Amino acid sequence: MRRRSRGAMRSKTMWFSFALVILGVVYENFSYVQNIIDPRLYGVILITIGIAVAVLRFITVMPLDDK
């Protein structure tokens, strides 16, 4: 478990996930941020996130335990 945790700290995919969580918290808790993103862009944003996750997955070459 400890090796996996250390490996997760070196994972670009995990850092990207962490950044998405932080952005979600900021977006949900600050109303002025909600006005920045037009609701019509939600689909494009989700597609972009999906592509980014897929690219990060293809870049991954070793399991977290081995990092």
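The structure under discussion appears in the preceding block.
None of the values given here were measured: they were computed from a predicted structure.

**Q** Account for the overall build of the chain, with residues named and values stated.
**A** Each helix and strand counted, the chain has four helices and zero strands in total. Across the 67 residues in the chain, those meeting the buried criterion constitute 7%. Of the roughly 5800 Å² that the chain leaves accessible, carbon and sulfur atoms contribute 69%.

**Q** Outline the side chain of Ser11, listing residues and values.
**A** Looking at where Ser11 falls in the secondary structure, it is placed in the loop between helix H1 (2-8) and helix H2 (12-29). A distance of 3.2 Å separates the side chain of Ser11 from the backbone nitrogen of Met14, its partner in a polar contact.

**Q** Mind laying out the packing of H2 against helix H4 (residues 42-59), listing which residues take part and the relevant values?
**A** Put simply, H2 and H4 touch, their axes get as near as 9 Å, and they point 160 degrees apart. If you check the angle between H2 and H4, you find them roughly antiparallel. Considering how the two elements wind past one another, H2 and H4 form a crossing that is left-handed. From H2, Lys12, Thr13, Phe16, Leu20 and Tyr27 reach across to H4, where they touch Tyr42, Ile49, Ala52, Val53, Leu56 and Arg57. The residue makeup of the contact of H2 with H4, split by class, is eight nonpolar, one polar and two charged.

**Q** Break down the packing of aromatic side chains for me, citing the residues and quoting the values.
**A** Per the stated rule, a full pass over the model turns up two aromatic pairs. Seen in terms of ring centroids, Trp15 and Phe18 are 6.0 Å apart; in terms of plane orientation they differ by 90 degrees. Their pairing is edge-to-face. Of this pair, Trp15 and Phe18 both sit in helix H2, separated by three residues, roughly a single helical turn. Their ring planes at 55 degrees and their centres at 6.0 Å tell us that Phe30 and Tyr32 sit as a pair that is tilted.

**Q** Which residues make up a nonpolar patch on the surface, and what values go with them?
**A** Residues Met9, Trp15, Phe18, Ile22, Val26, Phe30 and Tyr32 make up a contiguous nonpolar surface patch of about 730 Å² in total accessible area. No other element matches H2, which puts four residues into the nonpolar patch. By secondary structure assignment, the location of Ile22 is in helix H2.

What counts, and where the lines are drawn
Residues numbered from 1 in each chain as written. Predicted model: local features only at pLDDT ≥ 70, side-chain atom pairs only at ≥ 80, totals over all residues. Heavy atoms only, no water. Helix = DSSP H or I, 4+ residues; strand = E, 2+ residues; numbered from the N terminus. Buried < 20%, exposed > 50% of the residue type's maximum accessible area, 1.4 Å probe, protein only. Areas by Shrake-Rupley, 256 points an atom, 1.4 Å probe, with all protein chains shown as cover. Polar contact = N/O pair within 3.5 Å; in protein donor to acceptor, adjacent residues only side chain to side chain. Axes fitted to C-alpha atoms, helices over the stretch in contact; angles between N-to-C directions. Parallel < 35°, antiparallel > 145°, perpendicular 65-115°, else oblique. Left-handed = near helix turned anticlockwise from the far one by under 90°. Contact = heavy atoms within 4.5 Å. Nonpolar A, V, L, I, M, F, W, Y, C, P; charged D, E, K, R; others polar. Phe/Tyr/Trp six-rings, centres within 6.5 Å; stacked < 30°, edge-to-face > 60°. Patch = residues over 30% accessible without salt bridge, like charges linked within 9 Å, V, L, I, M, F, W, Y side chains within 5 Å. Salt bridge = Lys/Arg side-chain N within 4 Å of Asp/Glu carboxyl O.

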